[in-house]
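Read off the chains here:
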Amino acid sequence: MHMAGPTTMRLSSLLALLRPALPLILGLSLGCSLSLLRVSWIQGEGEDPCVEAVREPGVAHNPDSRTGLDQSDEDFKPRIVPYYRDPNKPYKKVLRTRYIQTELGSRERLLVAVLTSRATLSTLAVAVNRTVAHHFPRLLYFTGQRGARTPAGMQVVSHGDERPAWLMSETLRHLHTHFGADYDWFFIMQDDTYVQAPRLAALAGHLSINQDLYLGRAEEFIGAGEQARYCHGGFGYLLSRSLLLRLRPHLDGCRGDILSARPDEWLGRCLIDSLGIGCVSQHQGQQYRSFELAKNRDPEKEGSSAFLSAFAVHPVSEGTLMYKLHKRFSALELERAYGEIEQLQKQRLLNGYRRFDPARGMEYTLDLLLEAVTQRGHRRALARRVSLLRPLSRVEILPMPYVTEATRVQLVLPLLAAEATAALAFLEAFAAGVLEPREHALLTLLLVYGPREGGRGAPDPFLGVKAAAAELERRYPGTRLAWLAVRAEAPSQVRLMDVVSKKHPVDTLFFLTTVWTRPGPEVLNRCRMNAISGWQAFFPVHFQEFNPALAPQRSPPGPPGAGADPPSPPGADPSRGAPVGGRFDRQASAEGCFYNADYLAARARLAGELAGQEEEEALEGLEVMDVFLRFSGLHLFRAVEPGLVQKFALRDCSPRLSEELYHRCRLSNLEGLGGRAQLAMALFEQEQANST
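Residues numbered from 1 in each chain as written. Predicted model: local features only at pLDDT ≥ 70, side-chain atom pairs only at ≥ 80, totals over all residues. Heavy atoms only, no water.

Chemist: Just checking my understanding: could you explain the overall build of the protein for this structure?
Modeler: The helix and strand inventory of the protein stands at 21 helices and 24 strands. Here the protein, with 692 residues, has 38% of them falling under the buried criterion. The contacts in the protein between residues at least 6 apart in sequence include a share of 71% that link residues at least 24 apart. Total accessible area computed for the protein in this model is approximately 42100 Å², and 55% of it derives from carbon and sulfur atoms. (Helix = DSSP H or I, 4+ residues; strand = E, 2+ residues; numbered from the N terminus. Buried < 20%, exposed > 50% of the residue type's maximum accessible area, 1.4 Å probe, protein only. Contact = heavy atoms within 4.5 Å. Areas by Shrake-Rupley, 256 points an atom, 1.4 Å probe, with all protein chains shown as cover.)

The structure is reproduced here in C-alpha cells:
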C-alpha cells in the first residue's frame, strides 16, 4: 500500500477549493474563444461594418479599398488622387486674383459717406475732410449738385438731383454698386456733424458683421409706435453690409411710395416698411453716444459726460466751430494719453533695432524697462516690448500705361580710344548675355575719335573693336552690329546721343550703356518694363565691385576657359570664387533707358530755353539724365539694379567736365576702392610695413 506524496495532497486541496468556481472559469474561456473565432470570420469576409455604416449612399463598394481602418500592421500612407478633367466639358482657365485679400474675401472695415450740398461743399465739407479724412480708409462726399467743383483732396460724387429722397436713394445705390463687396460697415453722416473718428472706428471694430444692423441716435416718427424708429441723420448712423444688400432691391419702390422732406426719415421708413428693421442706439453692449450742441455754445466750456464721451456732435453751423470741436477732442485724447504715460515711467532702453521697409517705412522694435505706479502708490518694474512704425506716406496704386517685354531694345555704346581694349570684353559679354539667348536687342557702337586719331597715316585705335564686331556677325548669322564714327575734341554724352538719335525712328527704345556694362536678359526686361513712352525714363544704379587688390584672397583662380568677364551677383567675384564686396554706385548715371521721342522732346525744350553760347556751355556739364530731369515732364525712375554688376575700374575723370560731373566722377572712384574694413586693413598693413 502506497502513501500519497505531499504534492498530490496539495493538488487535491486546490481542486477542492476551485470546484465551486470551475463552471465560471470554463464559461469565460469558452466565451473568449468564440469571440476570437467570430472576429476572424468577419475579417475573412472582407467587410467592415464600421466602414459600411459611413459609406456614402449609392457608391459601389471596392473590396480592395483601404478607406476604413487599416487592417495591416503597416502605417497608414496617404494616396494622391490625380486631377481628372471631364473631356466632355469645356476647359475653363482658373484666374488667380492680383491680391490675396481679394481671394480670401477679406474686406475693409468702415466706409464713411458724407451728405453735402451746393452751399456747404466748399465750407463745412472741407472742414469735415480736414478733421477726419486721415482716420478712415475711404471718405466720400455725395451731393445733388450737377457738375460740382471738387475741392482739392476730396472725392465727390454728384447725382444731379437735390431732392432728399433721390439723394439718399442714389447714395445707397452707389455704395452698394461700387463698395458693397469691399466694406463691412457704412457710416452715413451730414456735413454739419463732427465725428470723433477714433471712437467711431473702435465701435465698428467691436460689432459683429454677420447681422442686419441700423445703429444711431434713435428718434420716433410722429404718430408712430415706439418700435418705429429712425436714426437721426445729424448724428450719423451705421449700416451693416448685410443690411445694405437686403435693402438694395427695395430702393426703387421706397422712392416712389414714401414721401419725406428729410433723407434720414425716408431711409428709416423704407427699412421699416420693406424689412421691418428699425433704428437702435445700443447693440452687443455698445452704446452709440451723441451730443446736441446748443446754439452759440463754446466747445471749450463743455465738460459734461455726454459731451466728453460722444461719438458725434451736431449741429455744427460753420467750419470754424468744426475746428474748435476737433481741437477740444484732440486735447482730451492727449490728456488721456499723458495720464497713461504718467503711470508708466520709462527707466531705460534695454535693447532695440530698426529696419527700413520700402513698402511701409521705418520699423522699430524696442525693449523698455518701465516703472508702473499703482493706485495705492506702489511701484513695480515692468519689461515690455514695443513695436513702432513711421510710415512713408499713404500707399496708393497708380495707373500706369501698358508695357510689354517684346519691345526691341537698341543698345548704344559710346567708345573713346582709351576704352577700345575694354570694349572687347563688353562684346564677349554681349554675345553671351544677348546674342546667345536670342534676345530682341540690337547694338550700335559709337566710335569717338580725337582730333589727331584715325587720320591719314595714323593707326586706327578701334581696329580691334571693328574686327571683334565682324567676328560676332560671323558667329551669329543674322546679327548686325552697327557702328558710327564721330570726331570730337571734348565729347559730351548729350552731343553723342544727338548723333545716334537722328539715325533711329522716334519709337526706338534706347539703352544707353558704358564699356563696363554687362547686359543680360533680366536687365533688358527691366529696361522694357520701366521705360514707358511719354510717361517715364529709367536710369538704373549699377553695382560696383571693390578693388580686388584690397579684397581677401580666399581661393585660387578658377579654371581657364570660364569665359571673359561674366556678370556676377552683387558681392561676389566669380573669377576667384570669393566675395569681394561692393556697393551700388549712386554717383554714376551714365546708363539709362528711354524712348527716342521723349529724348527729342526734352532736347527741343533745352534748345528753346537755352540758346546760343549758353546752350553750348550747358551741354558740357550735362548728362542725358540731367536733360530728362531739368527739361522733361516725365517721371524719372532711379532704382538699384542688381543685374548690372561692373568690375572695378578707375574711370577717367576729364578736366573738361563740369565741376559737378568731375566731382561725382572722383567721388565714384574713391568710394569704389573698398569698404571701411578693407581700407582700414590696407592702412594698417601699410603702417606696419613702414614701421619695419
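Anyway, onward from the coordinates.
Chemist: So what exactly am I meant to see when it comes to the state of the cysteines here?
Modeler: Such a bond, covalent and formed between the sulfur atoms of two cysteines, is termed a disulfide. In this structure the tally under the stated criterion is four disulfides. The disulfide partner of Cys254 is Cys270, and the gap between their sulfur atoms is 2.2 Å. Where Cys254 bonds to Cys270 through sulfur, the torsion about that S-S bond is close to 80°, and the disulfide is right-handed. Residue Cys254 is located in helix H9 (residues 251–257), and its partner Cys270 is located in helix H10 (residues 263–275); the two are separated by 16 residues in the primary sequence. Cys254 gets classed as buried once you look at its relative accessible area, which sits at 7%. (Disulfide = S-S within 2.5 Å.)

Chemist: Can you help me understand a nonpolar patch on the surface in this one?
Modeler: Residues Leu334, Tyr338 and Ile341 make up a contiguous nonpolar surface patch of roughly 320 Å² in combined accessible area. By secondary structure assignment, the location of Ile341 is in helix H12 (residues 319–343). The class for Ile341 is partly exposed, based on a relative accessible area of 49%. (Patch = residues over 30% accessible without salt bridge, like charges linked within 9 Å, V, L, I, M, F, W, Y side chains within 5 Å. Salt bridge = Lys/Arg side-chain N within 4 Å of Asp/Glu carboxyl O.)

Chemist: What am I meant to see in the nonpolar core here?
Modeler: One broad trend across soluble globular proteins is that nonpolar side chains are buried collectively. Phe187 and Val313 are the most contacted members of the largest nonpolar core, which totals 43 residues. If you list the elements that add at least two residues to this core, you get strand S1 (108–115), helix H5 (124–132), strand S2 (139–143), strand S4 (183–190), strand S5 (194–195), helix H7 (197–206), strand S13 (312–314) and H12. In terms of residues, this core owes the most to one element, H5, which gives six residues. Contact partners of Phe187, with chain neighbours within four places excluded, come to Leu110, Leu111, Val112, Ala113, Val195, Leu200, Phe235, Gly236, Tyr237, Leu238 and Tyr288. (Core = buried A, V, L, I, M, F, W, Y, C linked by side-chain atoms within 4.5 Å.)

Chemist: Could you clarify how one ought to interpret the confidence of the model for the protein in this entry?
Modeler: Averaged over every residue, the pLDDT of the protein is 82; the share at 70 or more is 82%. Across residues 41–74, confidence stays below pLDDT 50; counting only partners more than four residues off in sequence or on other chains, it has twelve contacts. Contacts for the low-pLDDT stretch residues 553–578, under 50 throughout, to residues beyond four places or in other chains number 43 contacts. (pLDDT = per-residue confidence, 0-100.)

Chemist: Sorry if this is basic, but what is going on with the pairing of strand S17 (residues 409–415) here?
Modeler: Look at any regular strand and the pattern is simple: side chains alternate between the two faces of the sheet. Where burial is concerned, most of S17 is hidden: six out of the seven residues are buried. After leaving S17, the chain enters helix H13 (residues 420–435) and then returns to the sheet as strand S18 (residues 441–449), a path that is right-handed. Taken together, the four bridges between S17 and strand S20 (residues 509–512) define a ladder with parallel strand orientation. Bridge pairing in S20 links Val412 to Leu512. (Right-handed = clockwise from strand over helix to strand, strands pointing away. Pairing = 2+ DSSP bridges.)

Chemist: It is not clear to me how the pattern of salt bridges should be interpreted in this structure. Could you clarify?
Modeler: Opposite charge on two side chains lets them pair, provided their charged atoms get close. Across all of its chains, the model carries 33 salt bridges by this definition. Glu170 is paired through a salt bridge with Arg173; the nearest N and O atoms lie 3.5 Å apart. Taken together, the residues Glu170 and Arg173, both in helix H6 (residues 164–179) and three residues apart, mark about one turn of the helix. No difference in accessibility class separates Glu170 from Arg173, as the two residues are buried. In this structure, Arg246 and Asp212 form a salt bridge, with 2.4 Å as the shortest nitrogen-oxygen distance. Note that Arg246 is positioned in helix H8 (residues 241–247) and Asp212 in the loop between H7 and strand S6 (214–216), a separation of 34 residues in sequence. A residue is classified by how much of its surface remains accessible, and Arg246, at 38% relative accessible area, is partly exposed. For Asp212, a relative accessible area of 29% gives the class partly exposed. Connected via shared salt-bridge partners are Glu170, Arg173, Asp252 and Arg255.

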